[in-house]
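# Structural description and commentary
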Amino acid sequence: EAAEKAAEAFTNLSDSLEELSDKYDNLENLVRGTKEWRDAVKEVNSEVLGLIEEYPELAGLVKHEKGVLTLDVESQEVQDVLNKYEDKATQA
């Protein structure tokens, strides 16, 4: 059971980071200030807050830029958190 939970946490974090990266890409293609942009910002911010709630160690890596909560999913720090969950899954 512990192994399944650890593997699920790793998979969920990995998938969520990939989805967040796609949402950031989408946000860059929208015109700032439009309704579509504001809706996309709400969605991104909500996802980042959800990640922080589920993975508190990400909280210190989040930045606030022009109304958008950003998490550099490619950064070494974020990859270290992801690796930590992968290691837990492997050990379990």
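Scope of this entry: the structure provided in the associated data block.

## Describing the packing of helix α1 (residues 2–28) against helix α2 (residues 35–54)
Where α1 meets α2, the closest approach of the two axes is 10 Å, and the angle between their N-to-C directions is 160°. One element, α1, and the other, α2, form an angle in the roughly antiparallel class. Considering how the two elements wind past one another, α1 and α2 form a crossing that is left-handed. On α2, the residues touching N12, L13, S16, L17, E19, L20, K23, Y24 and L27 of α1 are W37, A40, V41, E43, V44, E47, V48, L51 and E54. A breakdown of the residues in the contact of α1 with α2 according to their chemical character gives 11 nonpolar, two polar and five charged.

## Remarks on the environment of A2
Tracing the sequence through the fold places A2 in helix α1. Here the alpha-carbon distance between A2 and A92, two residues 90 residues apart in the chain, equals 6.3 Å.

Rules used throughout
Residues numbered from 1 in each chain as written. Predicted model: local features only at pLDDT ≥ 70, side-chain atom pairs only at ≥ 80, totals over all residues. Heavy atoms only, no water. Axes fitted to C-alpha atoms, helices over the stretch in contact; angles between N-to-C directions. Helix = DSSP H or I, 4+ residues; strand = E, 2+ residues; numbered from the N terminus. Parallel < 35°, antiparallel > 145°, perpendicular 65-115°, else oblique. Left-handed = near helix turned anticlockwise from the far one by under 90°. Contact = heavy atoms within 4.5 Å. Nonpolar A, V, L, I, M, F, W, Y, C, P; charged D, E, K, R; others polar.

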